[in-house]
Amino acid sequence: MSQLLIACDHGAWSLKDELVKHLRDKRGLEVGDLGVNGPDSVDYPAFAAELCRRIGRGEAQRGILLCGTGLGMSMAANRFKGIRAALCHDEFTARMSRQHNDANVLVIGGRVTGPGLAIAMIDVWLAEPFEGGRHQRRIDALDTLGPI
Ligand code: RB5
């Protein structure tokens, strides 16, 4: 089982490669890299779905999704019950996504966030615990929200 899964579309593949290198070489983490591995255009929902389904099957507890803005990947991932995907732009939102939202997927925009900040956000996001308490009630309520 990978400790962490990561996937991207063509809007963030070079950032993804840098992040995988950091996580494996500097952090010593086991990272499951689900692609994409080049600049050719792909459709982000398929990559989000693959990562979310693997988390749903228990193959990993956490994942990182990247696309150009992070918007498409976060929209896709949050269609899956049990996935709490947080599109973050700084260390504060990355920290709060763990403390208050127990985010199990971190989403970053490869055309928005540079590698240095992305690494700092991931380091915070991996370390920060969920606070539970009233926040548990709120995230439980997320899974009761049905179709419109
Ligand atoms: C691809 O051009 C771009 O639309 C995608 O990476 C993402 O930003 C979508 O939300």
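Located above this text is the structure these notes cover.
Analysis parameters
- Numbers given to residues run from 1 along each chain, matching the order in which its sequence is written.
- Residue-level local features of this predicted model are given only where pLDDT is at least 70; pairs of side-chain atoms are given and counted only at 80 or more, and the full residue set underlies all totals for whole chains, interfaces and linings.
- Note that water and hydrogens are dropped before the side-chain values are worked out from all heavy atoms of the structure.
- Secondary structure elements are defined from DSSP: runs of H or I of at least 4 residues count as helices, runs of E of at least 2 residues count as strands, and each element is numbered from the N terminus.
- Multiplying 1.5 Å by the helix residue count minus one yields the expected span of that helix.
- Only protein chains enter the calculation, and the probe is 1.4 Å; a residue is then buried if its accessible area is under 20% of its type maximum, exposed if over 50%, and partly exposed in between.
- Between two residues, a contact is recorded if the distance between any of their heavy atoms is within 4.5 Å.
- One heavy atom within 4 Å of a molecule or strand makes the whole residue count as near it.
- Within 3.5 Å is the distance limit for a polar contact, defined as a pair of N or O atoms, with the added protein rule that one can donate a hydrogen and the other accept it, and that residues adjacent in sequence qualify only through two side-chain atoms.
- Computed with the Shrake-Rupley method and a 1.4 Å probe, the accessible areas treat only the protein chains shown as cover for residues.
- For this classification, the nonpolar set comprises Ala, Val, Leu, Ile, Met, Phe, Trp, Tyr, Cys and Pro, the charged set comprises Asp, Glu, Lys and Arg, and every other residue, Gly included, is treated as polar.

Novice: Got a minute to help me understand helix H5 (residues 115-127) in this structure?
Specialist: In an α-helix there are 3.6 residues to a turn, and that puts residues three or four apart on one side. Between its first and last C-alpha atoms H5 spans 18 Å; for 13 residues at 1.5 Å apiece the expected length is 18 Å, and the two agree. Among the residues of H5, Ala-118, Ile-119, Met-121, Ile-122, Val-124 and Trp-125 are the ones counted as buried. Each element contacted by the buried residues of H5 is listed here: strand S1 (4-8), helix H1 (13-26), strand S3 (62-67), helix H4 (91-99) and strand S5 (105-109).

Novice: Would you mind going over the site of the ligand with me for this structure?
Specialist: What surrounds the ligand is the set Asp-9, His-10, Tyr-44, Cys-67, Gly-68, Thr-69, Leu-71, Gly-72 and Arg-111. Interatomic distance of 2.8 Å between a backbone N/O atom of Gly-72 and an oxygen atom of the ligand. Contacts to the ligand include Arg-111, whose side-chain N or O atom sits 3.3 Å from an oxygen atom. Relative to its unbound accessible area of 290 Å², the ligand is 72% covered by the protein chains. Residue composition of the shell around the ligand, by class: three nonpolar, four polar and two charged.

Novice: Quick question: what am I supposed to make of the environment of Asp-17 here?
Specialist: Tracing the backbone through its elements, the reader meets Asp-17 in helix H1. Accessibility expressed as a relative area gives 32% for Asp-17, which makes it partly exposed. Separated by 70 residues in the primary sequence, Asp-17 and Leu-87 place their C-alpha atoms 19 Å from one another.

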